[in-house]
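Results of the structural survey
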Amino acid sequence: MIRKLLKRVFGKSARKRTEGKCHIIPFKVHGISRDGISSAALKVTDGLQAAGYSAFVVGGAVRDLLLHRHPKDFDIATNATPEEVRRVFRRSRIIGRRFRLVHVLYGEETVETSTFRRMTGSTEAETDEHGRLLRDNEFGDQEQDAARRDFTANALYYDPSSQEIYDYHNGYADICSGILRIIGDPVVRYREDPVRMLRAVRLSAKLGMKLEPSTVAPISQMKDLLGNVPQARLLDEMLKLLLSGHAVGCIKKLRAMDLHHGLLPMLDVILEQPLGEKFVMLALHSTDLRIRAEKSVSPAFLFAALLWHDVLAVWKMHQEAGERPVAALHVAMEEVLNRQQARMAIPRRYDAVMKELWLLQPRFEQRGGQRPFRLLSQPYFRAAYDFLLLRCESGEVDSQLGLWWDEFQDATEERRVEMLLPDETGKKRRRRRKSGVKMQAGLLEKT
Ligand code: ATP
Ligand code: MG
């Protein structure tokens, strides 16, 4: 009882203190009502506040609501420690070892709830030799929590009970003017975490916000620091970028800022070939459309598209050196994937699907005998067909091929039989068999 009372008093005093230091924007100014918040997030803030803590919706959700966008999820920030949050909600669990936060579960929804944190001061901070923060896990107060966030637009705290927004860094004004501005000294903030440079590109493309000049200025000088970021984290951020629904905009920005060099070496290669660039941009554009239509997309499909022209070039080289088509394609795939592995570490878990998509491509050329029927029953047929359409659209293969498959898929059995082309590969195969040459399945000779 006394603890609850103390917490209530502490909660109130914390609120008073912040009121003195930050702008509090009332509902009648910003217009975001608590109805805009998911019911699970409201249960978390209400529950924590009833237990005497302060609790706010924070970060991307507040920003998105102010921009009239649909938030992806609702994150909560509170002065309660993870153990205290855990005690308030029966269905919750503490996750993360280095940075502990609580997942509170309500039906289908999981609400990520984190305790206010502060940036560790430079003297005590654990950084690597380039100044990158290795630890930012100390609890703090709301003001400190705001200061350690990346952009002013991402540092707004919405209290669903009072419907007020707490703003320490003029994020509200920046959002109203469509400006994405880093908090604090940009050089220091990028050194602490170079991934913020990529976040700047992604968020400005996705939200249609303009990067404020001093936020953008140091990036070209500092981009090499991305080389010190662990590969897994970079890949994570690249995936967010490619799957943001604004990949085309992001890639154009990355390119304009010279940020793709060394970071996405595959784009260096591809963007220099006219056909390759067109193909990549079409792939990214179609991914953007799918995401905006809330359809599923597979990272493997996207990576397969990004690397396709690399594979094509190596494949051609091996064929010209006398290798048979299927064998040459296998060698090309391995070569390209190994090269990628060393540079950007696409996890091997995507390899199998990427290879499937690539290996199925030459099989679309074979439109005689049983082959088209066998291809139709392949588990990856649909994705491989979408891949083929991109190749047609980019001008790499004749668009007639795409049209043929478009019709064949949905045709009646009679029509399918009518559509078949003379089965020349079959004859060649039989001839070779007769002459004792062992053939591999899925031949690549063109009809
Ligand atoms: P999205 O809509 O893509 O989820 P987001 O801003 O919500 O965008 P998250 O990665 O979900 O991005 O991060 C949640 C919040 O955590 C951000 O709004 C920001 O306040 C803070 N944050 C995330 N990454 C960083 C970072 N690298 N440095 C500082 N603060 C960060
Ligand atoms: Mg988010």
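What counts and how
- Residues numbered from 1 in each chain as written.
- Chains lettered and ligands numbered in written order.
- Predicted model: local features only at pLDDT ≥ 70, side-chain atom pairs only at ≥ 80, totals over all residues.
- Heavy atoms only, no water.
- UniProt positions renumbered as here; feature names shortened; annotations may be inferred.
- Near = heavy atom within 4 Å.
- Polar contact = N/O pair within 3.5 Å; in protein donor to acceptor, adjacent residues only side chain to side chain.
- Areas by Shrake-Rupley, 256 points an atom, 1.4 Å probe, with all protein chains shown as cover.
- Helix = DSSP H or I, 4+ residues; strand = E, 2+ residues; numbered from the N terminus.
- Pairing = 2+ DSSP bridges.
- Axes fitted to C-alpha atoms, helices over the stretch in contact; angles between N-to-C directions.
- Contact = heavy atoms within 4.5 Å.
- Parallel < 35°, antiparallel > 145°, perpendicular 65-115°, else oblique.
- Nonpolar A, V, L, I, M, F, W, Y, C, P; charged D, E, K, R; others polar.
- Buried < 20%, exposed > 50% of the residue type's maximum accessible area, 1.4 Å probe, protein only.
- Core = buried A, V, L, I, M, F, W, Y, C linked by side-chain atoms within 4.5 Å.
- Lys, Arg positive; Asp, Glu negative; His and termini not counted.
- Salt bridge = Lys/Arg side-chain N within 4 Å of Asp/Glu carboxyl O.
- Expected span 1.5 Å × (residues − 1).

The name an unreviewed UniProt entry assigns to the protein is Poly(A) polymerase I, from the organism Candidatus Nitrotoga fabula. In UniProt, the protein has this text filed under Catalytic activity (unreviewed entry): "RNA(n) + ATP = RNA(n)-3'-adenine ribonucleotide + diphosphate". Of the comments in the UniProt record for the protein, the one headed Sequence similarities (unreviewed entry) reads "Belongs to the tRNA nucleotidyltransferase/poly(A) polymerase family."

As a matter of local geometry, ligand 1 sits amid 16 residues, with Arg-63, Lys-72, Asp-193, Arg-196 and Arg-202 nearest to it. Arg-63 places a polar side-chain atom, nitrogen or oxygen, 2.8 Å from an oxygen atom of ligand 1. Here an oxygen atom of ligand 1 and a side-chain polar atom of Lys-206 are 3.0 Å apart. Compared with its free state, where it exposes 590 Å², ligand 1 has 84% of that area covered by protein. Contributions of two or more residues to the shell around ligand 1 are made by helix H4 (60–66), helix H9 (195–207) and helix H12 (231–242).

Let us now look at the sheet that holds strand E6 (residues 109–115). Strands pair in a sheet through their backbones, by hydrogen bonds, and they do so in one of two ways: parallel or antiparallel. Strand order in the open sheet made by the eight strands is E1-E10-E9-E2-E3-E6-E5-E4, with mixed pairing throughout. Strands with a single pairing partner mark the edges of an open sheet, and in this sheet they are strand E1 (23–25) and strand E4 (92–95). Across this sheet, the average inter-strand angle for adjacent strands is 30 degrees, counted without regard to direction. This element, helix H3 (residues 39–50), spans strand E2 (55–58), strand E3 (75–78), strand E5 (101–106), E6 and strand E9 (156–159) of the sheet and lies at about 40 degrees to E6.

Mapping Ser-92 onto the fold places it in strand E4. Here Phe-89 takes part through its backbone oxygen, which lies 2.7 Å from a polar atom of the side chain of Ser-92. If sequence neighbours within four positions are ignored, Ser-92 has contacts with Val-85, Arg-86, Val-102, His-103 and Val-104.

The packing of two helices is summarised by the inter-axis angle and the distance between the axes. The contact between H9 and H12 brings their axes to 10 Å, and the two run at 5 degrees. Classified by the angle between their axes, H9 and H12 sit roughly parallel to one another. Of H12, the residues touching H9 (which contributes Val-195, Leu-198, Arg-199 and Arg-202) are Arg-233, Leu-234, Glu-237, Lys-240 and Leu-241. Tallied by class, residues from the contact of H9 with H12 come to four nonpolar, no polar and five charged.

Once that is clear, we can look at unusual backbone geometry. Notably, Asp-258 is not glycine yet its phi reads approximately 65 degrees, a positive angle. Turning to its location among the elements, Asp-258 is positioned in the loop between helix H13 (247–256) and helix H14 (265–271). Relative accessible area serves as the criterion here: at 33%, Asp-258 is assigned to the partly exposed category. We note that Glu-294 has phi near 60 degrees; this positive angle belongs to a residue other than glycine.

The geometry of H13 relative to helix H15 (residues 274–292) is characterised by a closest axis approach of 8 Å and an angle of 135 degrees between their N-to-C directions. On the basis of the axis angle, H13 is oblique to H15. Across from Ala-247, Val-248, Ile-251 and Arg-255 in H13, the residues of H15 making contact are Glu-277, Met-281, Leu-284, His-285 and Asp-288. Of the residues contributing to the contact of H13 with H15, the split by class is five nonpolar, one polar and three charged.

Right, let's talk about the environment of Leu-306 for a bit. Relative to the helices and strands, Leu-306 resides in helix H16 (residues 299–320). For the pair Leu-306 and Val-280, spaced 26 residues apart in sequence, the C-alpha separation works out to 5.7 Å.

For the rest of this paragraph, the subject is the nonpolar core. A general tendency of soluble globular proteins is for nonpolar side chains to be buried together. If you look at the biggest cluster of nonpolar residues, it comprises 109 residues, and the most contacted ones within it are Leu-48, Leu-284, Phe-303, Met-354, Trp-358, Phe-364 and Trp-405. Ranked by the residues each element gives to this core, the list is headed by H16, at 13 residues. Discounting chain neighbours no more than four positions away, the residues touching Trp-358 are Ala-304, Leu-307, Trp-308, Val-311, Leu-329, Met-333, Leu-337 and Phe-387. Counting residues in hydrophobic clusters, the runner-up holds eleven residues, among them Phe-56, Ala-155, Tyr-157 and Tyr-168.

Moving on, we get to the side chain of Asp-288. In this fold, Asp-288 is placed in helix H15. Within the buried core, Asp-288 has no salt-bridge partner, and the shortest N-O distance to an opposite charge, that of Arg-292, equals 4.1 Å. Those residues within four positions of Asp-288 in sequence are excluded, and the remaining contacts are Leu-242, Gly-245, His-246, Ala-247 and Val-248.

Over its 19 residues, H15 extends 27 Å from the first C-alpha to the last, a length consistent with the 27 Å expected when each residue adds 1.5 Å. Within H15, the full set of buried residues consists of Gly-276, Phe-279, Val-280, Met-281, Leu-282, Ala-283, Leu-284, Thr-287, Asp-288 and Ile-291. Taken from the residues just after H15, Glu-294 is the one with a positive phi, measuring 60 degrees.

Attention now goes to the pairing of E2. Burial along E2 is two-sided: the residues Ala-55 and Val-57 and Phe-56 and Val-58 are all buried. In the sheet, E2 pairs with E3 via four bridges, with the strands oriented antiparallel. Bridging from a neighbouring strand, Val-57 pairs with Ile-76 of E3. Bridge count between E2 and E9: two bridges; the pairing is antiparallel. Across the sheet, residue Val-58 finds its bridge partner in E9, namely Tyr-157.

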